[in-house]
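# Understanding the architecture of this molecule
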Protein chains: 2
Amino acid sequence: MTLAIAESERVRGTTSPNPPVGCVILDEGGDAVGFGGTQPVGGPHAEVMALRAAGSKARGGTAVVTLEPCAHHGRTPPCAETLIEAGIKHVIHATSDPNPKAAGGVEVLRAAGVTVESGLMEQEVSRGPLRAWLHYARTGRPHVTWKYAASLDGRIAARDGTSQWISSETSRKEVHGLRAKLDAIVVGMNTVRLDDPALTARDAGGMPLPHQPLPVVVGTSDLPEGAKLQHTALHLRTHEPDAVLAALAERGVVDVVLEGGPTLAGAFWRAGRIDRVLAYIAPTLLGDGPAAVLDAGVSTITDAVRLTVEDVTMSGPDLRISAVPRT
Amino acid sequence: MTLAIAESERVRGTTSPNPPVGCVILDEGGDAVGFGGTQPVGGPHAEVMALRAAGSKARGGTAVVTLEPCAHHGRTPPCAETLIEAGIKHVIHATSDPNPKAAGGVEVLRAAGVTVESGLMEQEVSRGPLRAWLHYARTGRPHVTWKYAASLDGRIAARDGTSQWISSETSRKEVHGLRAKLDAIVVGMNTVRLDDPALTARDAGGMPLPHQPLPVVVGTSDLPEGAKLQHTALHLRTHEPDAVLAALAERGVVDVVLEGGPTLAGAFWRAGRIDRVLAYIAPTLLGDGPAAVLDAGVSTITDAVRLTVEDVTMSGPDLRISAVPRT
């Protein structure tokens, strides 16, 4: 399953609105004979890619796959049937398909005499490469990660507005790597005015990475003349988080990072539309300057937005905190 | 040395202005035969306590001690000579004595034919039980830990001023345990007015722990009538960090925690008088309300106070971050 997860990660960011599934085919003796990841929309799913690579060695073997094989006729034939035709005898998958249209793969497989084991490394997959897609399949909304970098005292810039760079080079590199796995990055008009970002995913040498997320600017006014995003960004003339997410879902966007300023973050919090927080906390103190979020709809301590910390790691000298709203 | 450190920790908070040293005596065969920690001022040092416990078994043995044995005649005879008289043949110590009056123990011991090994688990001791005292011995100033609890977005209270409780029960219990190891807790008059704290160290049942820190209130006005600290606190009528620290050093205070609000924290930062940050970050968002520190003397990003994170651990659902200013 670790290898199937690696396949999932490899294609993450290139498959939306389909899930970035990974699959490994083991032959009858248990040796890995085929690897595959889901191809861009219209292309083959992970199981088909892995079966093609395995060829006739798949007969009598096992398919290890990050998501329950699909059972529906969409742009491609159902994977459950393709696995049966290839002579696969065992299927091990991490997560079940919450999509009622596509689910039912397990039943199809079992009816054909294939043994099916569910739930292996479920958490690694559902918090990892399939997190955004599973959320999208359940809710119909893109998954929103609010990403910000702040000082230990919660400031995103100094008194005079300067902020380059609060977080370390290590963290900034990491963020570019994350961007290359995303469908879209959303910022507000204030961020465009203040920072004039390009929102591209670049490598350490400043060269663009192969996959680029869709840059999205939210705001009712026009983009400033000459802004880097003027001709590249999708401009949504609204401040309403649900309108933003609906427009993105229409374009097949599943995995969104919100990199906007405190006002936009506040609007998404008030709407309950943040699914994960990714905070880069730099070990610095500023003592003044704007905070990471403004007006999250909390006026007294008992109304505080409660989160659960999933993970804390060091990113160079910074802390990287991943947290999700408590349900 | 781990056992000697445990002895150091056991007496921490009860020895100032002397260091909370721990000592273990091993007999000739290497078995631990005596444990000791420094007694309150005027009482015996750790080495003497451990030698007393070991009795004649100390002859030909080893003393493992967290600090270099002292060489000066103070209120008690020099420990180096006491160790020699007891027939100790080997001394292993973690940290050297930066105090020129007391140092020289190693030379005295070696001159008497005792083998001395220095630096074993030096970091555990110098960041642990002897951290504050080593700072005090080097600078003449008490060691200041700035402790605060904030939300992930750096707020210490909600918009309406409510703050009970941002941090978890686990963290609050931990703070009471820390207080019982301290010499003094400093707050400002604003904190007295807003929170009316007692600044006592209490156990889980609300009962006072055996050792209580000195509560200190900083501010030029009188304490409010009826405040919990009115008859228990040392009131220093100044806002100047160095004046506060000098007054505390005069009283034999070595280890101070600053629990005041953002204004007092800002004054200590501007004066460069914070030696360690202990931040309890609760996984909540407030989006409004006061920040942990105001006016740290930073106006632009390049002037940011830079810290190094020493340690991050979970305290229940909260993050506990220990950081020190970068030198």
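Because the structure is predicted, anything quoted here is derived from the model rather than measured. (Residues numbered from 1 in each chain as written. Chains lettered and ligands numbered in written order. Predicted model: local features only at pLDDT ≥ 70, side-chain atom pairs only at ≥ 80, totals over all residues. Heavy atoms only, no water.)

What follows is about the pairing of strand 4 (residues 90-95) of chain B. Residues and elements named next belong to chain B. The element strand 4 is extensively covered by neighbouring structure, given that 5 of its 6 residues are classed as buried. Crossover strand 3 (residues 62-67) to strand 4 through helix 3 (residues 79-85) is right-handed. With 4 bridges connecting them, strand 4 and strand 5 (residues 115-118) associate as parallel partners. Note on strand 5: the bridge partner recorded for Ile92 is Glu117. Chirality of the crossover, the property in question, places the unit of strand 4, helix 4 (residues 105-111) and strand 5 among those that are right-handed. (Buried < 20%, exposed > 50% of the residue type's maximum accessible area, 1.4 Å probe, protein only. Helix = DSSP H or I, 4+ residues; strand = E, 2+ residues; numbered from the N terminus. Right-handed = clockwise from strand over helix to strand, strands pointing away. Pairing = 2+ DSSP bridges.)

Before going further, it helps to spend a moment on the pattern of salt bridges. Inspection of the entire model under this criterion finds 24 salt bridges over all chains. Between A:Arg155 and A:Asp153 there is a salt bridge, with its nearest N and O atoms 3.4 Å apart. Across the pair B:Asp222 and B:Arg237 runs a salt bridge whose closest N-O atoms are separated by 2.5 Å. Taken as a pair, B:Asp222 in the loop between strand 8 (214-218) and strand 9 (234-236) and B:Arg237 in the loop between strand 9 and helix 9 (241-250) lie far apart in primary sequence, 15 residues in all. Since its relative accessible area comes to 54%, B:Asp222 is described here as exposed. (Salt bridge = Lys/Arg side-chain N within 4 Å of Asp/Glu carboxyl O.)

With that settled, consider the UniProt feature "binding site: Zn(2+)" (unreviewed entry) in chain A. Residues and elements named next belong to chain A. Here, the residues flagged by UniProt with the feature "binding site: Zn(2+)" (unreviewed entry) are His45, Cys70 and Cys79. With the annotated positions falling across 35 residues, the maximum pairwise C-alpha distance of 9.3 Å places them together in a single cluster. With respect to the helices and strands, the residue Cys70 is situated in the loop between strand 3 (62-67) and helix 3 (79-85). Those residues within four positions of Cys70 in sequence are excluded, and the remaining contacts are His45, Glu47, Pro78, Cys79, Ala80 and Ala102. (UniProt positions renumbered as here; feature names shortened; annotations may be inferred. Contact = heavy atoms within 4.5 Å.)

All names here are of chain A. Applying the stated criterion to the full structure yields 4 aromatic pairs over all chains. Ring geometry for Trp146 versus Trp269: centroids 6.0 Å apart, planes at 85 degrees, classification edge-to-face. With a gap of 123 residues between them, Trp146 in strand 6 (residues 143-151) and Trp269 in helix 10 (residues 262-270) connect regions that are remote in the sequence. A relative accessible area of 0% places Trp146 in the buried class. When its relative accessible area of 8% is taken as the criterion, Trp269 is described as buried. Put simply, the rings of Trp146, Tyr148 and Trp269 pair up and form one aromatic cluster. (Phe/Tyr/Trp six-rings, centres within 6.5 Å; stacked < 30°, edge-to-face > 60°.)

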